[in-house]
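Here's the letter readout for the chains.
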Amino acid sequence: MSLTNTQAWKVFAEGLWKNNPIFIMVLGICSSLAVTTFVKNAFVMYLGVAFATVFTSAIVAAIRKRIPATYRMLVFMMITSTLVIVFDRLLKLTLPAVSKEMGPYVGLIITNCIVMGRSEAFAMSNTPWLSALDGLGVSTGYGLVLLAIAVLREVFGMGTLLGTPVMPGGYQRCGLLISAPGAFLCLTVLLFLANFIREARGEGKK
Amino acid sequence: MTQTWRDLWFMLVLTTICTILLVVVEGIYQTRMATDPSLMRRALQLVGLPLGEDVRSTFEQTFTTVARKEYPGSFFIGKQNPAMIIRQEEGAGLWGKIILLVAYDLRRGAILGIDVLEHSETPGLGARIEEEKFRAQFRGLIARHGVRAAKIKFKEGEFDGVTGATLTSKAVEEIINAAIRKIKTVAGPGGTP
C-alpha cells in the first residue's frame, strides 16, 4: 500500500485542497488578511494555528465520549484558549520582535473558526490520531494560502522576500498591496484561480 | 450519579486542569521575563547609560534588583546613585495590558524617562505611545506628586496625551502614577532607599 492510499494520508490531504479552509470553507479570513504583509509573520501565524488546531483536535477526540453535548463549545473554547495562551507566551519568550508585530492576532487564534470547526466537525467523531492529522492538514491548507498571499504582498508591495531585496533596483513598490485592501485583492485573485482550476478539473460539482 | 452531576464534574476537572496549566506557564514566563536581557538593555538605555560589552554584567554593575513582598515585580535601584529607581509597572489599557518601564529620580522628584514594553492599543491612535515623540516629553518631567494627561500644560507633572486616545493616555497616566507611588515606598526616610 503506497503512502498516498492510506486513510491517514487521505485525512491529511483533504484539508490541503479538497476541503481547504480558506478556499472552500472561507474561514479564517480575518487573520489571513491581517498578518500577511510579511512572509515571516504569515509563517508564525501558520505555526500558531497548526499548534492550536492539532492539539485541540487531539484532546477533544481523546475525551470526546465524556464531553457533555450541551457544553461542548465551552469545552472546545477552554482547550483552545489554554493552548493559544501557551503558544503566545512561548512566542514572546523566543521571538519577542515577531510577537510584537503580530499584535493581538496570536491571541485571536482562539476565535479562529478553523480550530473550533475541526473540533465540532471531525474530532467529535474520530480517534485522536486521525483528528490530529485532520487538524494538521486543514491548518497546513490554511498556512499555504497564507504564505501565498504573503509572498505576493511582500514581493510586490515591499520588493523583499523574508527581508532580503529580490526586486531589481528602481522597482516602484506597490503600496496598495501592503494596505489592507491589497490583502483582499490578493485573496480574491487566489480564490478565483483556485475555483478556476477546480472548475477546469471538473471538481466541486454535486 | 445523574448526567447533570457527571457533566458538572467534567467541567470542574477540565477547568482546574486548564487553570493549573496556565498558572504554571505564566509563572515560568514571568520569571524568564524578569531576567530577560532585552529588559536590561532597555533599562540601561532608558537612563542613557552605555550598554558595555555584556549587557547583563553592565546591568548588574549599575543596578541592584530589589523585590517588595507587597508589590509583585522588581525595582531596579542605581548602585552609584540610589535616588535613581526604575520600576516595571503594568495596568489595563483600552484593549489589553500596557507594561511600562518608568525611571524616576527621587532626589529631584523627576521622571528620567519611560519606555513601553508591551501594549495592544489601537494602531495609529493609542499605539502612538510607543513613539519617541510621545515618550520624549517625560524625560526630565518634574512630577513630585505624579503626572496628569492634559490638553494644555500649565501645571507641574502634566503631559500631552495622544489626541484621539484619551483612554490610553489615562491608562499611561495611572500606570506612571502607580510606579511613582511604589518607588516612593521603596525609598527610606530622607528620600533615599
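Since the model is a prediction, treat every value here as computed from it, not as a measurement. Sequence order as written defines the numbering, with residues in each chain counted from 1. Whichever chain is written first becomes A and whichever ligand is written first becomes 1, with later ones labelled in order. Selection of residues for local features in this predicted model requires a pLDDT of at least 70, selection of side-chain atom pairs for listing and counting requires 80 or more, and totals for whole chains, interfaces and linings are taken over all residues. To get the side-chain values, all heavy atoms of the structure are used, and hydrogens and water are removed first.

Details of the side chain of B:Lys182
Residues and elements named next belong to chain B.
1) Next: The secondary structure listing takes helices from DSSP runs of H or I that are at least 4 residues long and strands from runs of E that are at least 2 residues long, numbered from the N terminus. Note on placement: Lys182 falls in helix H5 (residues 166-186).
2) Next: To sort residues, take the accessible area from a 1.4 Å probe on protein chains only and compare it with the maximum for the residue type: under 20% means buried, over 50% means exposed, and anything in between is partly exposed. Among the residues examined, Lys182 registers a relative accessible area of 11% and is labelled buried.
3) Next: Any two residues whose heavy atoms approach within 4.5 Å at even a single point are treated as in contact. In this structure, Lys182 is in contact with Tyr71, Phe75, Arg87 and Glu89, ignoring residues within four places of it in sequence.

A look at the interface of chain B and chain A
1) Next: The interface of chain B with chain A comprises 19 residues on the first partner and 16 residues on the second.
2) Next: Take the accessible area each of two parts loses on contact, using a 1.4 Å probe, and add the two losses: that sum is the buried area. When chain B packs against chain A, close to 1700 Å² is buried across both sides, 78% of that on carbon and sulfur atoms.
3) Next: Here a salt bridge means any side-chain nitrogen of Lys or Arg lying within 4 Å of a carboxyl oxygen belonging to Asp or Glu. Inspection of the region where chain B meets chain A yields 2 salt bridges.
4) Next: Throughout this description, a polar contact denotes any pair of N or O atoms lying within 3.5 Å of each other; where both atoms belong to protein, one of them has to be capable of donating a hydrogen while the other can accept it, and for residues adjacent in sequence the pair is counted only when both atoms sit in side chains. Taken together, chain B and chain A are joined by 1 residue pair in polar contact (both at pLDDT 80 or more).
5) Next: Breaking the side of chain B that touches chain A down by element, the ones donating at least two residues are helix H1 (3-34) and strand E5 (110-118) of chain B.
6) Next: Element by element, the count of residues in the side of chain B that touches chain A is highest for H1(B), at 13 residues.
7) Next: Note on residue classes: Ala, Val, Leu, Ile, Met, Phe, Trp, Tyr, Cys and Pro are nonpolar, Asp, Glu, Lys and Arg are charged, and everything else, Gly too, is polar. By residue class, the composition of the side of chain B that touches chain A is 11 nonpolar, 1 polar and 7 charged.

Side note on the nonpolar core
Here is a general trend for soluble globular proteins: nonpolar side chains tend to be buried in one another's company.
1) Next: Residues enter a nonpolar core if they are buried and are Ala, Val, Leu, Ile, Met, Phe, Trp, Tyr or Cys, with the set joined through side-chain atoms within 4.5 Å. In this structure, A:Ile22, A:Met45, A:Met102, A:Ile109 and A:Tyr142 are the most contacted members of the largest nonpolar core, which totals 33 residues.
2) Next: Mapped onto this core, the elements with two or more residues apiece are helix H2 (29-34), helix H3 (39-62), helix H4 (72-94), helix H5 (96-102), helix H6 (113-121), helix H7 (128-158) and helix H9 (180-200) of chain A.
3) Next: Counting 32 residues, the second-largest nonpolar core is a separate cluster that includes B:Tyr71, B:Tyr104, B:Ile175 and B:Ala187.

Some points on helix H3 (residues 55-62) of chain B
All names here are of chain B.
1) Next: Taken together, the buried positions of H3 are Val55, Thr58, Phe59 and Thr62. Down the axis of H3, the smallest arc covering the buried residues is 100 degrees, so these residues share one side.
2) Next: At its buried positions, H3 is contacted by helix H2 (37-46), strand E1 (63-68) and strand E2 (71-78). Here the arc refers to the set of directions running from the helix axis out to each C-beta atom.

Regarding the UniProt feature "transmembrane region" (unreviewed entry) in chain A
Residue and element names in this part refer to chain A.
1) Next: UniProt positions are given in the numbering used here, feature names are shortened, and annotations may be inferred rather than shown by experiment. The feature "transmembrane region" (unreviewed entry), as given by UniProt, occupies residues 21-39, 45-63, 70-91, 103-123, 135-156 and 176-197 in the numbering adopted here.
2) Next: Secondary structure over residues 70-91 splits into 91% helix and 0% strand, and the C-alpha atoms at its two ends are 34 Å apart.
3) Next: Helix and strand shares over residues 176-197 are 95% and 0% respectively, and the end C-alpha atoms of the span are 27 Å apart.

Description of the side chain of A:Glu154
Residues and elements named next belong to chain A.
1) Next: Looking at the secondary structure, you find Glu154 in helix H7.
2) Next: Within the buried set, Glu154 has no salt-bridge partner at all; the shortest N-O distance to an opposite charge, 8.6 Å, is to Lys40.
3) Next: Setting aside chain neighbours within four positions, we find Glu154 in contact with Thr37, Phe38, Val39, Gly159, Thr160, Leu161, Leu162 and Gly163. Here the positive residues are Lys and Arg and the negative ones are Asp and Glu; neither His nor the chain ends is included.

A word on the UniProt feature "domain: FMN-binding" (unreviewed entry) in chain B
1) Next: Taken from the UniProt record, the annotation "domain: FMN-binding" (unreviewed entry) applies to residues 93-183 of chain B.
2) Next: Helix makes up 25% of residues 93-183 of chain B and strand 26%, with an end-to-end C-alpha separation of 21 Å.

Regarding the pairing of E1(B)
Residue and element names in this part refer to chain B.
1) Next: Strands were regarded as paired on the criterion that DSSP finds at least two bridges between them. One ladder, built from 6 bridges, connects E1 with E2; its direction is antiparallel. Within the sheet, the bridge partner assigned to Phe63 lies in E2 and is Gly78.
2) Next: Here E1 folds back onto E2 in antiparallel fashion, the turn holding 2 residues.

Quick notes on the packing of H2(B) against H3(B)
Residues and elements named next belong to chain B.
1) Next: Axis definition: a line fitted to C-alpha atoms, over the contacting stretch in the case of helices. Angles run 0 to 180 degrees between N-to-C directions. Orientation of H2 relative to H3, taken along the N-to-C sense of each, is 55 degrees, at an axis distance of 9 Å. It follows from the interaxial angle that H2 and H3 lie oblique. Taken as a pair, H2 and H3 cross one another with a handedness that is left-handed. Across the interface between the two elements, Pro37, Met40, Arg41, Ala43 and Leu44 from H2 touch Val55, Arg56, Thr58, Phe59 and Thr62 from H3.
2) Next: For the contact of H2 with H3, the residue count by class is 6 nonpolar, 2 polar and 2 charged. Roughly parallel here means an angle under 35 degrees, roughly antiparallel means over 145, roughly perpendicular means 65 to 115, and every remaining angle is called oblique. Two helices cross in a left-handed way if the nearer one is turned anticlockwise from the farther one by less than a right angle. They cross in a right-handed way if the turn is clockwise.

Here's the deal with H2(B)
1) Next: The complete set of buried residues in H2(B) reads B:Leu39, B:Met40, B:Arg42, B:Ala43, B:Leu44 and B:Leu46.
2) Next: Taken from the residues just after H2(B), B:Gly48 is the one with a positive phi, measuring 70 degrees.

Looking at the packing of H7(A) against H9(A)
Residues and elements named next belong to chain A.
1) Next: H9 packs onto H7 with a crossing angle of 120 degrees between their chain directions and a minimal axis gap of 10 Å. In terms of orientation, H7 and H9 fall into the oblique class. Crossing handedness for the pair H7 and H9: right-handed. Across the interface between the two elements, Val145, Ala148, Ile149, Leu152 and Arg153 from H7 touch Ala180, Ala183, Cys186, Leu187 and Leu190 from H9.
2) Next: Partitioning the contact of H7 with H9 into residue classes produces 9 nonpolar, no polar and 1 charged.

Quick word on the sheet that holds E2(B)
All names here are of chain B.
1) Next: With antiparallel pairing, 5 strands are arranged side by side in an open sheet as E1-E2-E3-E4-E5. Every interior strand has two partners, whereas the edge strands, E1 and E5, have only one. Recorded for the sheet is a direction-independent mean angle of 25 degrees between the axes of neighbouring strands.
2) Next: Bridging between strand E4 (residues 97-105) and E5 involves 7 bridges; their strand directions are antiparallel. Across the sheet, Asp105 pairs through a bridge with Ala110, a residue of E5.

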